[in-house]
Amino acid sequence: MRLIIHKTYEDASLWTALHIADRINAYKNGAKTPPEKPFVLGLPTGGSPRLIYREFIKMVKDKKLSFANVHTFNMDEYVGLSKDHPQSYRHFMMENLFNHVDIDLANVHIPNGMADDLLKECRLYEEAIAKVGGIELFLGGMGVDGHIAFNEPGSSLQSRTRIKTLTEETKVANARFFDGDITKVPSNAITVGVGTVMDSREVVIIVSGKSKARALRAVVEGSVNHMWTLSGLQLHRKAIIVSDEEALDELKVGTVRYFKDIEKENLKKYYDRIK
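Residues numbered from 1 in each chain as written. Predicted model: local features only at pLDDT ≥ 70, side-chain atom pairs only at ≥ 80, totals over all residues. Heavy atoms only, no water.

1. A few points about the sheet that holds strand S3 (residues 70-74)
What the seven strands build is an open sheet, ordered S1-S10-S9-S6-S2-S3-S5; its pairing is parallel. In this open sheet, the two edge strands, each paired with only one partner strand, are strand S1 (2-6) and strand S5 (108-109). As paired elements, strand S6 (residues 137-140) and strand S9 (residues 203-207) share three bridges and run parallel to each other. Bridge pairing links glycine 140 to isoleucine 205 in S9. (Pairing = 2+ DSSP bridges. Helix = DSSP H or I, 4+ residues; strand = E, 2+ residues; numbered from the N terminus.)

In structure tokens form, the structure reads like this:
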């Protein structure tokens, strides 16, 4: 696992956007696979990726990135919200990314929380991922309790796409998107599993703010534990956590010093690049 530390959330977001854009561009150019095979990108919603998506849009407008050969799979969707509901994750993705880039909407995959058969929807979602050859890179955020997607504490680290009952803590955290009214927050969601995320060939997680510090300590310094589901990242063959300094408050000084030291050349290249 790599931990890449930036002073601010803004720099962490820009580094992440550039890293993913570089991966898409290299893939498109046939660096690793035939160019006709799509780059498959896993995506989150919420506050964590907003600036990353803003950078993607800017890159596309500047002709530095294209989503024409990209297929996307979102992490989750609320059960019971139509795709046009202003708080659905499909609506979020359309407003914050897809309406502004050159992606073919036929290549956009988001779980259908209104499906008549939700169990079948979960199974078909996993099958759709497998059909395109698996996810090349999964971008994600981290909850204050160390969860990834809606895989809250206690979720199996081998879990697959399924229906998940949301905890009171998660509903409270998400109430800000529902006029502050927790009763408006759906109680269930379809979510990819921890195992679904870990099957991707690369995972990049962006973490920011003091509220994430306790979870980041558990994920980076603690043991692999289903009570901190993102800790499963320790076992992934190519995992990156990109963090701002505020999220480091509970990490050991030696841990922070170590990761800053081994990533200093990488960060130098980044800051030289954005000058």
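Following the structure, the description resumes.
2. Concerning the pattern of salt bridges
Tallied over the entire structure, the rule returns 17 salt bridges. With a shortest N-O distance of 3.1 Å, glutamate 126 and arginine 160 are connected by a salt bridge. Within this pair, whereas glutamate 126 is found in helix H4 (residues 118-131), its partner arginine 160 is found in the loop between S6 and strand S7 (162-165), the two being separated by 34 residues in sequence. A salt bridge links arginine 201 to glutamate 136; the nearest nitrogen and oxygen atoms lie 2.7 Å apart. Taken together, the residues arginine 201 in the loop between helix H6 (194-198) and S9 and glutamate 136 in the loop between H4 and S6 connect sequence positions 65 residues apart. By relative accessible area, which is 30% here, arginine 201 ends up partly exposed. On the basis of relative accessibility, which here comes to 9%, the residue glutamate 136 falls in the buried class. (Salt bridge = Lys/Arg side-chain N within 4 Å of Asp/Glu carboxyl O. Buried < 20%, exposed > 50% of the residue type's maximum accessible area, 1.4 Å probe, protein only.)

3. As for the nonpolar core
In terms of nonpolar packing, the biggest core is built from 41 residues, with Leu41, Tyr53, Phe56, Phe67, Leu97 and Phe98 touching the most fellow members. Where this core is concerned, the elements lending two or more residues are helix H1 (9-28), strand S2 (39-43), helix H2 (50-61), helix H3 (89-96), S6, S9, strand S10 (239-244) and helix H9 (264-274). Ranked by the residues each element gives to this core, the list is headed by H1, at 10 residues. Those residues in contact with tyrosine 53 that sit more than four places away from it in its chain are Leu43, Pro44, Phe92, Met93, Asn96, Leu97 and Leu139. With 35 residues, the next largest nonpolar core counts Ile135, Ile205, Leu248 and Val256 among its residues. (Core = buried A, V, L, I, M, F, W, Y, C linked by side-chain atoms within 4.5 Å. Contact = heavy atoms within 4.5 Å.)

4. Here's the deal with the side chain of serine 88
Looking at the secondary structure, you find serine 88 in the loop between strand S4 (76-78) and H3. For serine 88, the side chain forms a polar contact with the main-chain oxygen of serine 82, separated by 3.5 Å. Only 3.1 Å separates the side chain of serine 88 from the backbone oxygen of lysine 83, close enough to count as a polar contact. Each residue touching serine 88, except ones within four places of it in the same chain, is listed here: Glu77, Leu81, Ser82 and Lys83. (Polar contact = N/O pair within 3.5 Å; in protein donor to acceptor, adjacent residues only side chain to side chain.)

5. Overview of the pairing of strand S8 (residues 188-191)
For S4 and S8, the ladder comprises three bridges, and the chain directions are antiparallel. Paired with aspartate 76 across the strands is threonine 191, a residue of S8. Bridging between S7 and S8 involves four bridges; their strand directions are antiparallel. Counted as the bridge partner of lysine 164 is alanine 189 from S8.

6. What to know about the environment of methionine 142
Within the secondary structure layout, methionine 142 lies in the loop between S6 and S7. For methionine 142, a relative accessible area of 4% gives the class buried. Sequence separation of methionine 142 and leucine 216 is 74 residues, and the distance between their C-alpha atoms is 8.5 Å. Once residues lying within four places of it in the same chain are set aside, the contact partners of methionine 142 are His147, Ile205, Ile206, Val207, Lys212, Ala215, Leu216, Val219 and Leu230.

7. Examining the pairing of S3
With respect to burial, S3 is a largely interior element, five of its five residues being buried. A two-sided burial pattern is seen for S3, the buried positions comprising Val70, Thr72 and Asn74 on one face and His71 and Phe73 on the other. By the bridge criterion, five bridges tie S2 to S3 in an arrangement that is parallel. Counterpart to leucine 41 in the pairing with S3 is threonine 72. Taken together, S2, H2 and S3 form a β-α-β motif whose crossover is right-handed. In the sheet, S3 pairs with S5 via two bridges, with the strands oriented parallel. Across the sheet, threonine 72 pairs through a bridge with valine 108, a residue of S5. (Right-handed = clockwise from strand over helix to strand, strands pointing away.)

8. Quick word on helix H7 (residues 213-221)
For H7, the complete set of buried residues consists of Ala213, Ala215, Leu216, Ala218, Val219 and Val220. Looking at the packing, one finds that the buried side of H7 touches S9, S10 and helix H8 (253-262).

9. With respect to unusual backbone geometry
Despite not being glycine, lysine 63 has its phi angle at roughly 65 degrees, a positive value. On the basis of relative accessibility, which here comes to 74%, the residue lysine 63 falls in the exposed class. A positive phi angle is found at aspartate 179, which is not glycine, with a value near 60 degrees. Within the secondary structure, aspartate 179 is located in the loop between helix H5 (168-174) and S8.

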